[in-house]
Amino acid sequence: MDIPSKYDPKRVENHWYDYWMEHNYFFSKPDKREPYTIVIPPPNVTGVLHMGHMLNNTIQDVLIRRARLMGKNACWVPGMDHASIATEAKVVAKLKEQGIEKADLSREAFLKHAWEWKEQYGGVILEQLKKLGCSCDWNRTKFTMDDDMSASVIKVFIDLFNKGLIYRGYRMVNWDPEAQTTLSDEEVVYEEKQGKLYYLDYPIEGTDEKVTIATTRPETILGDTAVCINPNDERYQHLKGKQVVVPICERVIPIIEDEYVAMDFGTGCLKVTPAHDENDKQLGEKHNLEIIDIFNPDASLNSFGMHYEGKDRFVVRKAIVKELEEKGFLSKTEDYINKVGTSERTKAVIEPRLSDQWFLKMEELARPALDAVTKTGDVKLFPKKFENTYRHWMENIRDWNISRQLWWGQQIPAFYYGDGEDDFVVAATAEEALELARAKSKNSELTSASLKQDEDVLDTWFSSWLWPISVFGGILEPDNEEVNYYYPTNDLVTGPDIIFFWVSRMIVAGYEFRNERPFENVYFTGLVRDKQRRKMSKQLGNSPDALKLIETYGADGVRVGLLLSSAAGNDLMFDEDLCQQGKNFANKIWNGFRLVNSWEVAEIEQPEASKMGLAWYRAKFNQTLSEIEDHFSKYRISDALMAIYKLVWDDYSSWLLEIVKPPYQKPIDRKSFDEVIDIFEQNLKLLHPFMPFLTEEVWQYIKTRSPENALVISEWPRVQEADANLIDSFSMAAEVISGVRTIRKEKNIAMKESLDLYLINEEKLSSNWDVVIQKLTNISSVSYVDQAVEGALSFRVKSNEYFIPVKGAIDVEAEIKKISEELKYTRGFLESVMKKLSNERFVNNAPEQVIAIERKKQADAEAKIETLEKSLASLEG
RNA sequence: GGGCGCUUAGCUCAGUUGGUUUAGAGCACCUCGUUUACACCGAGGGGGUCGGGGGUUCGAAUCCCUCAGCGCCCACCA
């Protein structure tokens, strides 16, 4: 039977994924085993697979698959996030294409469209994750707007409201005029923009004098309700108690005094617009100023904008500057770079806006979550550096604006029965609300028709912060079997960009609603960038098509490529060459299998070389395995993979297989063969979390396996003691092999021409390795001698000296040169050692062990120098 | 403006409490090779005064100071 020399991922990947699904290997339910749980960071329902997802989910799959192999009850919960702003924007855009305006639809009609959209387009990404090999328990797929998930959100809202932690407030919020909704502070991105500072003259009422203020937003003068000076400002003492006239609208406003004003910025005179600036609003409250809101929700001017009514704020800015200039109010303009808040989602410039919003008090809630990371270590962040970021945030936490002026999401369960500030109740259903409202208003005449539910929905993160609990029903049924078994989860893998949005809030929710951490470890991946360190983005078009990559390199190749150079928290400079490396590795493993598979087995004696090689590999394997375990324990996934990569490529393929390989067209002995197969299977187990498809394919090719014996559910090898002596002595033998190969190469001696090897065994190296050396270098005899062999090529390993007599004259001069160089290096080395040893203070202060090491170095170097000098003398003599 | 972090071979990074050869890996590079698993390969090789300067120490890539460059987070005085 012919096996192709190239591994073809396309041929096998779908097959094995179907096989895994068919046999329910990813399915998890509570049992006696130890659980190992990961909840997926739910991708947006609008999302398509990009490189960030690939990296993130590959890491999760590695962790889950390894846990499964370790005999744990591995449970990876997949799902999607309803992503209110993003999704609503997509649906609005789609409707617009069909000529439908959201404003013309009822809430119910819009939501119907939204759900239709979700059913039709949503969740593509989950199908794509399957292509990547993700072993999620798909039976558990959750959506943050599933009935039970929404019910959990509402329950939590009511609970927090009843605890007095949720309040309604008329506050300055970040308004996105394009999406026409509020954003939380975290959703605002500040960008440096070249702007101008306009100096405007305000006439002082009843005089010919004027006062000059500086502003970046001249259009807001129509909302001015005061001018403020610093009471300590010598320049403006004469203005105290006076009033000024606002240009254009000619409103008369007071001059107030407050130390808040910086005397050294601008003119030291500040215009106060309480409706459109957070600081101005605070000034306004302090000084009882009128609030004049001049904007419509879309940031066009309203009737306070006078002749600018209906025009956009930026249009008005230009126009009003012109008008001010014409009328002589503009004294000068300066270039000014300021940071402008923009919407993370729509990129629109944020407008500070006063409105009724819902807030969650965070300070008290945050405390246990802060301690869990910074004090008790109940929650560990990888890499650790993010603990600082986290601490800083949690220590300065602000109240969370949880209302959004959207329809797609969980509608806030507040019901109004009157116009008073406090005329509302919070309840899960309209019926309960009515009952509460009747009691609260002491009006038994109230009917459901007179109740009006709050129009707004809750911030998407207000549902996803419950994710690790709510996916197991832990909010609605806090004592159910599932949540008791799976919660707290083990590892969370996500990006550092959502540490505040999501990670910190989940920790808060965990302690508040279950009195327990939501997860033990958080692994932060880096950002996937391109070769030039640019972020991957649609606009730049530098983001490769994820599915195309899988098509080209195979899922395993892409997984390995992504993982090879991505330490936790480090950005990954993605380059397709990495996937090529992954693909090459897959092929290497494939061919390692092909070779073994081609061997004919016979009942013959096991060659000594094979016996040695196999014993050595066992030791090497165990040594590497313990390194791998160490890497995993520190979440150094790339390092773990690299260790396996080298084990399989170098130790297994290049050394072991070459050592045990039977001569051409000769059979291999049964014992060696069985052992190689066993070793290969152990390798496949280590590789499986990283390269699930290839390894399962090969695993099932080696032997016929029943579904109970699939690789995906086999057993992760246990660390056994590694024989360090075997490893050391082999590495010396490997150097000898390398020495012979170098000579062959330098002298152009073909491999098929056999050679004789002589050695002066100063190191007392065991002769057991001779058979291995002979086999790998085609040496026909090894002889132990006391003296240098005349007229032979030579090389040294430590203080051992090796000689290979060759036909014809050797190039004495070249030999002398080579030896002289080696001598020079060794003498230099010895010198550096002696410098230390002859330093009294070193000898007196350094630990004994360190001195012993230096003495050993000295002895080795001296022995080697002696050898080299002898060789040199004999050559020159 | 405040805070955190980074700077080690061409590239991406290791280097664990300062001491195991005058610094390691993978990739890339160079040379040779159609050896009967694999050219998606094999063998061999070159390449770094550990960002600059100063200090502590018997000893510094590793600790301290300083300068330079880069990145991230937070704040946001018109």
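Please read these numbers as outputs of a predicted model, since none were measured by experiment.

Rules of the game
- Residues numbered from 1 in each chain as written.
- Chains lettered and ligands numbered in written order.
- Predicted model: local features only at pLDDT ≥ 70, side-chain atom pairs only at ≥ 80, totals over all residues.
- Heavy atoms only, no water.
- Helix = DSSP H or I, 4+ residues; strand = E, 2+ residues; numbered from the N terminus.
- Rg over C-alpha atoms; globule rule 2.2 N^0.38 Å.
- Buried < 20%, exposed > 50% of the residue type's maximum accessible area, 1.4 Å probe, protein only.
- Contact = heavy atoms within 4.5 Å.
- Areas by Shrake-Rupley, 256 points an atom, 1.4 Å probe, with all protein chains shown as cover.
- Lys, Arg positive; Asp, Glu negative; His and termini not counted.
- Charge placed at Lys NZ, Arg CZ, Asp CG, Glu CD.
- Phe/Tyr/Trp six-rings, centres within 6.5 Å; stacked < 30°, edge-to-face > 60°.
- Salt bridge = Lys/Arg side-chain N within 4 Å of Asp/Glu carboxyl O.
- Core = buried A, V, L, I, M, F, W, Y, C linked by side-chain atoms within 4.5 Å.
- Pairing = 2+ DSSP bridges.
- Axes fitted to C-alpha atoms, helices over the stretch in contact; angles between N-to-C directions.
- Near = heavy atom within 4 Å.
- Polar contact = N/O pair within 3.5 Å; in protein donor to acceptor, adjacent residues only side chain to side chain.
- Nonpolar A, V, L, I, M, F, W, Y, C, P; charged D, E, K, R; others polar.
- Expected span 1.5 Å × (residues − 1).
- Arc of directions from axis to C-beta.
- Parallel < 35°, antiparallel > 145°, perpendicular 65-115°, else oblique.
- Left-handed = near helix turned anticlockwise from the far one by under 90°.

## Here's the deal with the overall build of chain A
Summing up its helical and strand segments, chain A has 26 helices and 31 strands in all. Relative to the 2.2 N^0.38 estimate, which gives 29 Å for 877 residues, the radius of gyration of chain A is 37 Å and therefore markedly larger than a compact globule would have. Seen along its three principal axes, the alpha-carbon backbone of chain A occupies a region of about 115 × 65 × 55 Å. In chain A, buried positions account for 53% of the 877 residues. The long-range fraction of contacts in chain A, counting pairs at least 24 apart against all pairs at least 6 apart in sequence, stands at 77%. Summed over its atoms, the accessible surface of chain A is roughly 40,800 Å², and 48% of this surface lies on carbon and sulfur atoms. Separation of charge centres in chain A, based on 110 positive and 142 negative side chains, amounts to 4 Å.

## Observations regarding the packing of aromatic side chains
Both the distance between ring centres and the angle between the ring planes are used here to describe each pair of aromatic rings. Per the counting criterion, the structure on display carries 47 aromatic pairs. Both rings, one in Phe-382 and one in Tyr-635, keep their centres 4.5 Å apart while their planes meet at 40°; by these two values the pair is tilted. Placement of the pair is Phe-382 in strand β15 (residues 380-382) and Tyr-635 in the loop between α18 (608-633) and α19 (637-660), with a sequence separation of 253 residues. Of the two residues, Phe-382 and Tyr-635, both sit in the buried class. Following the ring pairs from residue to residue traces out a cluster consisting of Tyr-7, Trp-590, Phe-593, Trp-616, Tyr-617, Phe-621, Tyr-652, Trp-655, Phe-680, Tyr-701, Phe-730 and Trp-769.

## Quick look at the pattern of salt bridges
Applying the stated criterion across every chain, the model contains 56 salt bridges. For Glu-334, the salt bridge goes to Lys-332, with nearest N and O atoms at 3.3 Å. A relative accessible area of 31% means that Glu-334 is categorised as partly exposed. Judged by its relative accessible area of 41%, Lys-332 is partly exposed. A salt bridge links Asp-422 to Lys-440, with the shortest nitrogen-to-oxygen separation between them at 3.7 Å. With Asp-422 in the loop between β18 (414-416) and β19 (424-426) and Lys-440 in helix α11 (residues 430-441), the pair connects residues that are 18 residues apart, well separated along the chain. Connected via shared salt-bridge partners are Arg-217, Glu-219, Arg-313, Arg-317 and Glu-351.

## A word on the nonpolar core
In terms of nonpolar packing, the biggest core is built from 204 residues, with Trp-358, Leu-360, Phe-462, Trp-465 and Phe-690 touching the most fellow members. Broken down by element, this core gets its largest block of residues, 14 residues, from α19. Within the second largest apolar cluster, 30 residues are counted, among which are Ile-229, Ile-255, Leu-324 and Leu-330.

## As for the sheet that holds strand β12 (residues 269-272)
Read across the sheet, four strands follow the order β10-β11-β9-β12 without closing on themselves; strand pairing throughout is mixed. What marks the edges here is a single partner per strand, and that holds for β10 (243-245) and β12. In this sheet, adjacent strand axes meet at a mean angle of 30° when their direction is disregarded. Alignment of strand β9 (residues 226-229) against strand β11 (residues 252-257), held across three bridges, turns out to be parallel. Paired with Val-227 across the strands is Ile-255, a residue of β11.

## Re the protein's contact with RNA strand B
Around RNA strand B, the surrounding shell holds 59 residues, and the nearest of these are Arg-398, Trp-649, Tyr-664, Tyr-825 and Phe-829. In this structure, a sugar or linking oxygen belonging to RNA strand B sits 2.7 Å away from a side-chain N or O atom of Arg-594. The side chain of Glu-658 places a nitrogen or oxygen atom 3.2 Å from a base nitrogen of RNA strand B. In terms of residue count, the dominant contributor to the surface near RNA strand B is helix α17 (residues 576-598) (nine residues). By residue class, the composition of the surface near RNA strand B is 21 nonpolar, 21 polar and 17 charged.

## Brief notes about the side chain of Lys-864
Relative to the helices and strands, Lys-864 resides in helix α26 (residues 848-876). Not counting the four nearest positions on each side in its chain, Lys-864 is found in contact with Arg-796, Lys-798, Ser-799, Glu-822 and Thr-826.

## Description of α26
Between its first and last C-alpha, α26 extends 41 Å over 29 residues, near the 42 Å set by a 1.5 Å rise per residue. Listed in full, the buried residues belonging to α26 are Ile-851, Glu-854, Gln-858, Ala-861, Lys-864, Ile-865, Thr-867, Leu-868, Ser-871 and Leu-872.

## A word on the sheet that holds strand β6 (residues 181-183)
Spatial strand order, β6-β5-β14-β16: four strands in an open sheet with antiparallel pairing. If you trace the sheet from one side to the other, it starts and ends with β6 and β16 (400-401), each paired once. Bridging between strand β5 (residues 166-176) and β6 involves three bridges; their strand directions are antiparallel. Along β6, the bridge assignment pairs Trp-175 with Thr-182.

## Some remarks on the pairing of strand β22 (residues 489-494)
With respect to burial, β22 is a largely interior element, six of its six residues being buried. Relative to strand β23 (residues 519-524), β22 runs parallel, the two being bridged by five bridges. Considered in β23, the bridge of Leu-492 is made with Val-522.

## Digging into helix α5 (residues 124-132)
Residues spaced three or four apart along an α-helix face the same direction, because each turn holds 3.6 residues. Along α5, the positions that sit buried rather than exposed are Ile-125, Leu-126, Gln-128, Leu-129 and Leu-132. End-on view of α5: buried residues confined to an arc of 155°, all on one side of the axis. Close packing links the buried residues of α5 with α2 (51-69), β3 (79-80), α16 (546-564) and α21 (692-702). Once α5 finishes, Gly-133 follows within two positions and takes phi at roughly 100°, a positive value.

## Some points on the side chain of Gln-128
Its location among the elements puts Gln-128 in helix α5. Not counting residues within four places of it along the chain, the set of residues in contact with Gln-128 comprises Val-48, Leu-49 and Leu-547.

## Focus on the packing of α2 against α5
Direction vectors running N to C along α2 and α5 enclose 60°, while the axes themselves pass 11 Å from each other. Relative to α5, the element α2 is oriented oblique. α2 and α5 meet at a crossing whose hand is right-handed. Facing His-53, Met-54, Asn-57 and Thr-58 of α2, the residues of α5 in contact are Ile-125, Leu-129 and Leu-132. Classifying every residue of the contact of α2 with α5 by side-chain character gives four nonpolar, three polar and no charged.

## Side note on the environment of Phe-386
Mapped onto the elements of the fold, Phe-386 is located in helix α10 (residues 386-395). Taking relative accessible area as the criterion, Phe-386 reaches 13% and is therefore assigned buried. For the pair Phe-386 and Val-124, spaced 262 residues apart in sequence, the C-alpha separation works out to 32 Å. Leave out the neighbours within four places in its chain, and Phe-386 touches Leu-381, Pro-496, Ile-499, Phe-524 and Gly-569.

## Side note on the pairing of strand β30 (residues 792-797)
Counting buried positions over the six residues of β30 gives six, a clear majority of the element. By the bridge criterion, six bridges tie β30 to strand β31 (residues 800-805) in an arrangement that is antiparallel. For Leu-793, the partnering residue across the bridge sits in β31 and is Ile-804. Between β30 and β31, which follow one another and run antiparallel, lie two residues, and Lys-798 among them has a positive phi close to 50°.

## As for unusual backbone geometry
Only a minority of non-glycine residues have a phi that is not negative, and only a minority of peptide bonds are not trans. The amide bond that connects Phe-382 to the next residue, Pro-383, takes the cis arrangement and shows omega of -5°. Mapped onto the fold, Pro-383 is located in the loop between β15 and α10. For the peptide bond that leads from Tyr-487 to Pro-488, omega is 0°, which places it in the cis range. By secondary structure assignment, the location of Pro-488 is in the loop between α14 (481-486) and β22. Backbone geometry places Tyr-635, a non-glycine residue, at a positive phi of 60°. Even without being glycine, Lys-798 reaches a positive phi, approximately 50°. Among the structural elements, Lys-798 can be located in the loop between β30 and β31.

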